[in-house]
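Chain residues, written in single-letter form:
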Amino acid sequence: MASDPEFVSNLPAAVSRQFLAASSRRLLAKGEQLFGIGSDPRAMFVVLHGRLQVSILSSQGQQFFASFLPAGHWFGEIPLLDEGARAFYAEAMEPSEVAVLSARDFWQIVNSDSAAMLVVMRLSCSRFRAAVAWIEDASLYPFKVRLASRLLALSDMSEAENGELRISQEMLAAQLGGARQTVNRQLQEWSGQQLIQLGYGTIQLLDRTALQVIAKK
């Protein structure tokens, strides 16, 4: 449960506790959607256990992976603020538990607590900055720089043990807007240099320092 001492939220503890106290719980099976693209902004969410995947679809229906959502991450606040439809969908990558804060309870809290509203606004601003950084990476830097940067970011987001990421090369290619063959060729090169170790559906980061140099971080 969220009272587990290991549960760490991306919101300040006091605000997170307020949101959790007003939330219901939902269990998701692997592959089950939490919400779809174009759905109404009826709630804000946090992952309590497990991990979710956020994706978008092109006009041709092609899936583009956007991000992981590990335990402790509140999300879904932007449609509550602008009342627009959701621009992405979220599904469980493994059996997961999610806390669901309804729009009614969200507004009741933030309208009575200006500090809570400020926290939510800062969360939205951080997402905007992350999106701008992603666009900058995609437009200005060579593919290997973007790939190294994405591996490091995914490692930080997933809090992977021993630097091991559970992600397919197809998913990496979709996220970076490249071909799987291009991803595989670069990963094989880094594997030969012992910067990473490739497994079945996994990538283990062996030398973060070298990858940070490549990513210019």
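Everything numeric in this text was worked out from a predicted model, so none of it was measured.

### A short note on the overall build of the protein
At step 1: Per the secondary structure count, the protein includes eight helices and 11 strands.
At step 2: Within the protein, the fraction of its 217 residues that count as buried is 45%.
At step 3: Look at the contacts in the protein between residues 6 or more apart in sequence, and 73% of them connect residues 24 or more apart.
At step 4: Here the protein displays about 11600 Å² of accessible surface, and carbon together with sulfur accounts for 52% of that area.

### Some thoughts on the nonpolar core
At step 1: Membership of the largest hydrophobic core comes to 25 residues, with the highest contact counts inside it found for Leu151, Leu172, Leu187, Trp190 and Leu211.
At step 2: Every element with two or more residues in this core is listed here: helix H5 (143-158), helix H6 (169-176), helix H7 (180-192), strand E11 (202-205) and helix H8 (208-214).
At step 3: A total of six residues in this core trace back to one element, the largest contributor, which is H5.
At step 4: Dropping the residues within four chain positions of it, leucine 172 is found in contact with Leu147, Arg150, Leu151, Leu154, Ile167, Val183, Leu187 and Ile203.

### Focus: the sheet that holds strand E3 (residues 43-49)
At step 1: The four strands are arranged E1-E8-E3-E6 in an open sheet whose pairing can be described as antiparallel. The two strands at the open ends of the sheet, each matched to only one other strand, are strand E1 (24-28) and strand E6 (74-75).
At step 2: Sheet topology note: the E3/E6 ladder contains two bridges and is antiparallel. Within E6, the residue paired with valine 46 across the bridge is tryptophan 74.
At step 3: The strands touched by helix H3 (residues 103-112) are E3 and strand E8 (96-102); relative to E8, the strand with the most contacts, the crossing angle is about 60 degrees.

### Things to note about the side chain of aspartate 113
At step 1: Locating aspartate 113 in the fold gives a position in the loop between H3 and helix H4 (114-140).
At step 2: Of the buried charged residues, aspartate 113 lacks a salt bridge, with arginine 17 as the closest side chain of opposite charge at 10 Å.
At step 3: In terms of polar contacts, aspartate 113 uses its side chain to reach the backbone amide nitrogen of alanine 115, at 3.0 Å.

### Let's talk about the environment of alanine 173
At step 1: On the secondary structure map, alanine 173 appears in helix H6.
At step 2: Residues alanine 173 and valine 183, spaced 10 residues apart in sequence, show a C-alpha to C-alpha distance of 6.2 Å.
At step 3: In this view, alanine 173 contacts Gly178, Ala179, Arg180 and Val183; residues no more than four positions away in its chain are not counted.

### Quick look at the sheet that holds strand E9 (residues 164-166)
At step 1: Taken together, three strands build an open sheet; the order of strands is E9-E11-E10 and the sheet is antiparallel. Unpaired on one side and paired on the other, E9 and strand E10 (196-199) mark the two borders of the sheet. Neighbour to neighbour, the strand axes of the sheet diverge by 20 degrees on average, direction disregarded.
At step 2: Here four bridges tie E10 to E11, and the two strands are oriented antiparallel to one another. From the neighbouring strand, leucine 198 faces E11, where its bridge partner is isoleucine 203.
At step 3: Sitting on the sheet, H7 touches E10 and E11, and the angle it makes with E10 is about 120 degrees.

### Considering the packing of aromatic side chains
Two aromatic rings, taken as a pair, are described by how far apart their centres are and by the angle between their planes.
At step 1: For the coordinates displayed, the defined rule picks out six aromatic pairs.
At step 2: Pairing phenylalanine 19 with phenylalanine 106 gives two aromatic rings, centres 6.1 Å apart and planes at 50 degrees, and the pair type is tilted. With phenylalanine 19 in helix H1 (residues 13-21) and phenylalanine 106 in helix H3, the pair connects residues that are 87 residues apart, well separated along the chain.
At step 3: Residue phenylalanine 19 is classed as buried on the basis of its relative accessible area, which comes to 0%.
At step 4: Look at phenylalanine 106 and you get buried, because its relative accessible area is 0%.
At step 5: Among the aromatic residues, ring-to-ring pairing joins Phe19, Trp74, Phe106 and Trp107 into one connected group.
At step 6: The ring centre of phenylalanine 35 lies 4.5 Å from the NZ or CZ of arginine 86, which sits over that ring.

Calculation rules
Residues numbered from 1 in each chain as written. Predicted model: local features only at pLDDT ≥ 70, side-chain atom pairs only at ≥ 80, totals over all residues. Heavy atoms only, no water. Helix = DSSP H or I, 4+ residues; strand = E, 2+ residues; numbered from the N terminus. Buried < 20%, exposed > 50% of the residue type's maximum accessible area, 1.4 Å probe, protein only. Contact = heavy atoms within 4.5 Å. Areas by Shrake-Rupley, 256 points an atom, 1.4 Å probe, with all protein chains shown as cover. Core = buried A, V, L, I, M, F, W, Y, C linked by side-chain atoms within 4.5 Å. Pairing = 2+ DSSP bridges. Axes fitted to C-alpha atoms, helices over the stretch in contact; angles between N-to-C directions. Lys, Arg positive; Asp, Glu negative; His and termini not counted. Salt bridge = Lys/Arg side-chain N within 4 Å of Asp/Glu carboxyl O. Polar contact = N/O pair within 3.5 Å; in protein donor to acceptor, adjacent residues only side chain to side chain. Phe/Tyr/Trp six-rings, centres within 6.5 Å; stacked < 30°, edge-to-face > 60°. Lys NZ or Arg CZ within 6 Å of the ring centre and 35° of its normal.

Purely geometric numbers; function is a separate question.
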